[in-house]
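Each chain, written out:
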Amino acid sequence: MSKILKKTYQEQMRNSYPNHPIIKPIAPGMVKTWGEGIQVLPSPLEIREVMKSIPICNVMTTKELCRILAKKHNVDIACPYTTGILMNIVARAIEEDENDDTPWWRTLGSKGELKLSYPNAPEEQMALLEAEGFS
């Protein structure tokens with residue numbers, strides 16, 4: 001029996017989304033929630049770049065990150081579901097690479113809450129934010 005090897009988060013971030021970003025119409029089932037228009041399904045690497053740009057002592061919510069990505073791609077929205085899932089993969093990939101100093105902990109949930117799916121959640125994110133002066 002062969003073993004199925006699970007990809008590392010680094011591999012997922014760098015290789016599992018080769019077609020992203022994807023620009024497409026908002027799915028009919030989501031029009032009631034998000035409205036009609038065009039959406040982007042972002043790539044993990046561009047999410048990492050936005051995370052990398054957040055200055056010390058600042059935070060960004062998932063909603064704000066989605067707005068930045070939508071503006072970058074000149075579309076109505078960045079899919080919040082895809083963005084949230086990929087934020088988790090990116091945060092975990094950063095944790096796997098001791099040379100990557102991207103401040104993943106500065107990104108919060110859509111309502112400003114700690115992200116319970118982040119590495120060692122919520123204690124590690126809380127500790128890193130407190131070290132920057134947040135309470």
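Our subject is the structure that appears above.
Chemist: Pulling in residues and values, what's your account of the packing of helix α3 (residues 44-52) against helix α4 (residues 62-73)?
Modeler: The angle between the axes and the distance between the axes are what describe a pair of packed helices. The contact between α3 and α4 brings their axes to 11 Å, and the two run at 115 degrees. Note that α3 runs across α4; the crossing there is right-handed. Along the contact surface, α3 presents Glu 46, Ile 47 and Val 50, while α4 presents Leu 65, Ile 68, Leu 69, Lys 72 and His 73. Here the contact of α3 with α4 is composed, by residue class, of five nonpolar, one polar and two charged.

Chemist: How would you sum up unusual backbone geometry? Please name residues and give values.
Modeler: In the segment running from His 20 into Pro 21, the intervening peptide bond is cis, with an omega of 5 degrees. When you line up the elements, Pro 21 lands in the loop between α1 (9-15) and β1 (22-25). If you check the backbone angles, Cys 57 has positive phi at about 70 degrees while not being a glycine. Structurally, the position occupied by Cys 57 is in the loop between α3 and β3 (60-61). Positioned with a positive phi, Asn 74 is a non-glycine residue whose angle comes to about 55 degrees. Structurally, Asn 74 is set in the loop between α4 and β4 (77-78).

Chemist: Give me the lowdown on the sheet that holds strand β2 (residues 38-41), citing residues and values where you can.
Modeler: Read across the open sheet, the three strands follow the order β1-β2-β4; overall the sheet is mixed. Sheet topology places β1 and β4 at the edges, where each strand pairs with a single neighbour. Both β2 and β4 contribute to a ladder of two bridges, which runs parallel. Of the residues in β4, the one forming a bridge with Gln 39 is Ile 77.

Chemist: An account of the nonpolar core is needed here, citing residue identities and associated values.
Modeler: Here is a general trend for soluble globular proteins: nonpolar side chains tend to be buried in one another's company. Judged by nonpolar contacts, the single largest core of 25 residues is most densely connected at Ile 47, Met 51, Leu 65 and Trp 104. In terms of residue count, helix α5 (residues 80-96) provides more of this core than any other element does, seven residues in total. Apart from residues lying up to four places away in sequence, Met 51 is in contact with Met 87, Val 90, Ile 94, Thr 102, Pro 103, Trp 104, Thr 107 and Tyr 118.

Chemist: I'd like a description of α4, backed by residues and values.
Modeler: Helix length check: α4, at 12 residues, gives a terminal C-alpha distance of 17 Å against a target of 16 Å (1.5 Å per residue), a fit within 8%. Taken together, the buried positions of α4 are Thr 62, Leu 65, Cys 66, Leu 69, Ala 70 and His 73. Down the axis, α4 shows its buried residues gathered within 135 degrees of arc, on one side only. The exposed residues of α4 that point more than 90 degrees off its buried face are Arg 67 and Lys 71.

Chemist: Summarise the packing of aromatic side chains; cite the residues concerned and give the values.
Modeler: Taken as a whole, this structure holds three aromatic pairs when the rule is applied. With a centroid separation of 5.4 Å and 45 degrees between ring planes, the pair formed by Trp 34 and Tyr 81 is classed as tilted. Residue Trp 34 is found in helix α2 (residues 31-34), and its partner Tyr 81 is found in helix α5; the two are separated by 47 residues along the sequence. Among the residues examined, Trp 34 registers a relative accessible area of 22% and is labelled partly exposed. Residue classification places Tyr 81 among the exposed positions, given a relative accessible area of 52%.

Cut-offs applied
Residues numbered from 1 in each chain as written. Predicted model: local features only at pLDDT ≥ 70, side-chain atom pairs only at ≥ 80, totals over all residues. Heavy atoms only, no water. Axes fitted to C-alpha atoms, helices over the stretch in contact; angles between N-to-C directions. Helix = DSSP H or I, 4+ residues; strand = E, 2+ residues; numbered from the N terminus. Left-handed = near helix turned anticlockwise from the far one by under 90°. Contact = heavy atoms within 4.5 Å. Nonpolar A, V, L, I, M, F, W, Y, C, P; charged D, E, K, R; others polar. Pairing = 2+ DSSP bridges. Core = buried A, V, L, I, M, F, W, Y, C linked by side-chain atoms within 4.5 Å. Buried < 20%, exposed > 50% of the residue type's maximum accessible area, 1.4 Å probe, protein only. Expected span 1.5 Å × (residues − 1). Arc of directions from axis to C-beta. Phe/Tyr/Trp six-rings, centres within 6.5 Å; stacked < 30°, edge-to-face > 60°.

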